[in-house]
Amino acid sequence: MLKRLLYGLSSIWKTIIIKKHNKGQGFVKSSTFDRVIIAPSASFDLTGNLTLDANSYYGNGKGSVLRMDSNSRLITNGDFQFMYGADIILFEGAELYLGCNSFINSDCKIRCHNKITIGDDCAISHDFTIMDSDAHKLNGKTSCGPIQIGNHVWIGTRVTILNGVQIGDGAVIAAGAVVTHDVPSKALAGGIPAKVIKEGVTWEK
């Protein structure tokens, strides 16, 4: 009984904090297992609703984590869904843009140091990792560059997308790929590192 009460109070407090930082008309849907950590200067601009625990089931105990550091921004262009187990960090000054009618399946990892854009109508499978920075220095330099995923992009399971990559509209990324270079529109890419396998592809949700 006490545990349920504490979960309830935590959910109410989380809703109040999110609303305080939100400049848009949408809201964040989350479960009692989700954790949201927001710096005072971080902000949401939600045109649609952002779901952190889609497709979860009662009592699975697997929530999502959203951490937003100082002056970071999370923007939606419509409704966007994360399945349970999402692990999302926006570092200081970073911007994460999420398109309308898109989703990312369970256990994704997002590390946004600069800017990451995910377009409309995208379908992204589970165990997805996207990082716009190498985070550590190699030969004295840290590689960091914005990532842009276009509209209507299908990304398979266990795909990793690294900094500076642009993926064109309608592209398909095969399961297990590590994407280190741009992928043209309507191209199928796969492998490590990912290469274009076929052009002119189409797909449907």
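Rules and cut-offs
Residues numbered from 1 in each chain as written. Predicted model: local features only at pLDDT ≥ 70, side-chain atom pairs only at ≥ 80, totals over all residues. Heavy atoms only, no water. Pairing = 2+ DSSP bridges. Helix = DSSP H or I, 4+ residues; strand = E, 2+ residues; numbered from the N terminus. Phe/Tyr/Trp six-rings, centres within 6.5 Å; stacked < 30°, edge-to-face > 60°. Buried < 20%, exposed > 50% of the residue type's maximum accessible area, 1.4 Å probe, protein only. pLDDT = per-residue confidence, 0-100. Contact = heavy atoms within 4.5 Å. Salt bridge = Lys/Arg side-chain N within 4 Å of Asp/Glu carboxyl O. Core = buried A, V, L, I, M, F, W, Y, C linked by side-chain atoms within 4.5 Å.

Peer 1: I keep staring at the sheet that holds strand β7 (residues 80-83) and nothing clicks. Help me out?
Peer 2: The strands making up a sheet associate through hydrogen bonds between their backbones, and the pairing can be parallel or antiparallel. With mixed pairing, 9 strands are arranged side by side in an open sheet as β1-β4-β7-β10-β13-β16-β19-β21-β22. Taken across any chain shown, the strands that pair with only one partner, and hence form the sheet edges, are β1 (28-29) and β22 (195-199). Here strand β16 (residues 154-155) runs beside strand β19 (residues 172-173); their pairing, made up of 2 bridges, is parallel. Paired with I155 across the strands is I173, a residue of β19.

Peer 1: Just to check I follow, could you spell out the pairing of strand β11 (residues 109-112) for this structure?
Peer 2: In summary, the side chains of a regular strand alternate between the two faces of the sheet. Both strand β8 (residues 87-90) and β11 contribute to a ladder of 4 bridges, which runs parallel. Within the sheet, the bridge partner assigned to I89 lies in β11 and is R111. Relative to strand β14 (residues 129-131), β11 runs parallel, the two being bridged by 3 bridges. Bridge assignment links R111 to a residue of β14, and that residue is M131.

Peer 1: Would you explain the packing of aromatic side chains in this entry?
Peer 2: The geometry of an aromatic ring pair is captured by the separation of the ring centres together with the interplanar angle, meaning the angle of the planes. Enumeration according to the criterion identifies 2 aromatic pairs in this entry. Relative to W203, the ring of W154 has its centre 5.6 Å away and its plane inclined at 40°; by these criteria the two rings are tilted. Here W154 is found in strand β16, whereas its partner W203 is found in the segment after β22, with 49 residues between them in sequence. On the basis of relative accessibility, which here comes to 10%, the residue W203 falls in the buried class.

Peer 1: In this structure, what is going on with the confidence of the model for the protein? I would like to understand it.
Peer 2: Segments scoring low in pLDDT should not have their predicted coordinates read at a detailed level. Residues with a pLDDT of 70 or more make up 86% of the protein, whose mean pLDDT is 88. Across residues 1-10 the pLDDT falls below 50, and counting only partners more than four positions away or on other chains, this stretch makes 3 contacts in the model.

Peer 1: Looking at this structure, I do not really get unusual backbone geometry. What am I missing?
Peer 2: When glycine is set aside, most residues are seen to have a negative phi, and most peptide bonds are trans. With an omega of -10°, the peptide bond between I192 and P193 qualifies as cis. Structurally, P193 is set in the loop between β21 (187-190) and β22. Unusually for a residue other than glycine, A135 sits at a positive phi of about 75°. Mapped onto the elements of the fold, A135 is located in the loop between β14 and β15 (147-149).

Peer 1: Mind showing me how you'd approach the pairing of strand β2 (residues 35-38) here?
Peer 2: Because side chains alternate across β2, one face comprises the buried residues V36 and I38, and the other comprises R35 and I37, none of which is buried. Of the pairings in the sheet, the one linking β2 to strand β5 (residues 65-68) comprises 4 bridges and is parallel in character. By the bridge assignment, V36 is partnered in β5 with L66.

Peer 1: Explain the pattern of salt bridges here, please?
Peer 2: Opposite charge on two side chains permits them to pair, given that their charged atoms come into close proximity. Overall, the coordinates contain 7 salt bridges when judged by the stated rule. As a salt-bridge pair, E95 and K115 come within 3.7 Å of each other at their nearest N and O atoms. In this pair, E95 sits in strand β9 (residues 95-98) while K115 sits in strand β12 (residues 115-118), placing the two residues 20 residues apart along the sequence. By relative accessible area, which is 36% here, K115 ends up partly exposed. Notably, a salt bridge pairs K205 with D121, separated by 3.1 Å at the nearest N-O pair. Of this pair, K205 sits in the segment after β22 while D121 is found in the loop between β12 and β13 (123-124), placing the two residues 84 residues apart along the sequence. Judged by relative accessible area, K205 falls into the exposed class, the value being 52%.

Peer 1: Mind showing me how you'd approach the nonpolar core here?
Peer 2: Inside soluble globular proteins, nonpolar side chains tend to come together where they are buried. Counting residues in each nonpolar core, the largest one holds 46 residues, and the members touching the most others are L74, F82, F128, I149 and I161. Apart from residues lying up to four places away in sequence, I161 is in contact with F128, T129, I130, M131, I147, I149, I155, I167 and V179.

Peer 1: Teacher, can you tell me more about the sheet that holds β12 here?
Peer 2: If you trace the 6 strands from one edge of the open sheet to the other, you get β3-β6-β9-β12-β15-β18, paired in parallel fashion. With partners counted over all chains shown, the strands left at the sheet margins are β3 (43-46) and β18 (166-167), one partner each. As paired strands, β15 and β18 are joined by 2 bridges and run parallel to one another. Paired with Q148 across the two strands is Q166, which belongs to β18.

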